[in-house]
Amino acid sequence: VGNWRKSVALERNRERMIRLTQVAGKFATTLALKPVSAHLVDEAPFGETPAWSDSENIWFSAPNLGDVTDENVVISTKGLTLHEISHIMWTPRSGSNLAKYVQKNGLFQAFNALEDMRIEMAMVTKFPTTVDWLTAMIAQHLLAQPEQVPVSFPLIHGRKYLPKDIRKIVKESYTDQ
């Protein structure tokens, strides 16, 4: 009986993920003012990354999203969606001079960290009501693991929309400068 219940719960979570992905695609299309498709995949090409995008698609990694029957995970998934929409709307993509320079010089990680901060600040400036969604995303996918807090300062510092107390804790725990 225990395995059956677990199987049913996993199937319900998967069904919710599919529906959440469908809603994310419609929301992204509306906000980006162009067609955007959202996809649920079982493997992430970038390790534990919960979502990524190109100029027309958003992919969500099912194993890295979490239990979408948990309201906090649903809230943070909305933050992920907003983050990826921000990339679609404002990040220079492959083929641009900046993207070519970044790729040629092996600067993708640094560029992506800076770009994440820039696009999120643009999103909260244009749409102030997105702060809570993006904060929930950071809380779940970056700061939920205690071992991540001391090394997350470079990723958190430029996100001025985050509460000051969170930024202060991260700054004070930054041990590997």
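What comes next concerns the included structure. (Residues numbered from 1 in each chain as written. Predicted model: local features only at pLDDT ≥ 70, side-chain atom pairs only at ≥ 80, totals over all residues. Heavy atoms only, no water.)

Glancing now at the packing of aromatic side chains. All told, the structure shown has two aromatic pairs when counted by the stated rule. For the pair Trp 52 and Trp 59, a centre-to-centre distance of 6.3 Å together with 15° between the ring planes defines the contact as stacked. For Trp 52, a relative accessible area of 14% translates into the label buried. The exposure class of Trp 59 is partly exposed, given its relative accessible area of 22%. A cation sits over an aromatic face here: Lys 78 above Phe 27, 4.8 Å from the ring centre. (Phe/Tyr/Trp six-rings, centres within 6.5 Å; stacked < 30°, edge-to-face > 60°. Buried < 20%, exposed > 50% of the residue type's maximum accessible area, 1.4 Å probe, protein only. Lys NZ or Arg CZ within 6 Å of the ring centre and 35° of its normal.)

The biggest cluster of nonpolar side chains holds 32 residues, and the ones touching the most others in it are Ile 58, Phe 60, Leu 134, Ile 138, Leu 143 and Ile 156. Those elements that place two or more of their residues in this core are helix H1 (2-32), strand E3 (57-61), helix H2 (62-65), helix H3 (71-90), helix H5 (108-126), helix H6 (131-141) and helix H7 (153-156). With sequence-adjacent residues up to four places away left out, Ile 58 is seen in contact with Ala 28, Val 36, Ser 37, Ala 38, His 39, Trp 52, Ser 53, Thr 81, Glu 84, Ile 85 and Ile 88. (Core = buried A, V, L, I, M, F, W, Y, C linked by side-chain atoms within 4.5 Å. Helix = DSSP H or I, 4+ residues; strand = E, 2+ residues; numbered from the N terminus. Contact = heavy atoms within 4.5 Å.)

On to the environment of Ile 119, then. Among the secondary structure elements, Ile 119 is positioned in helix H5. Sequence separation between Ile 119 and Asp 67 is 52 residues, and the spatial gap between their C-alpha atoms is 27 Å. Residues contacting Ile 119, with those up to four places away along its chain left out, are His 83, Ser 86, His 87, Trp 90 and Thr 91.

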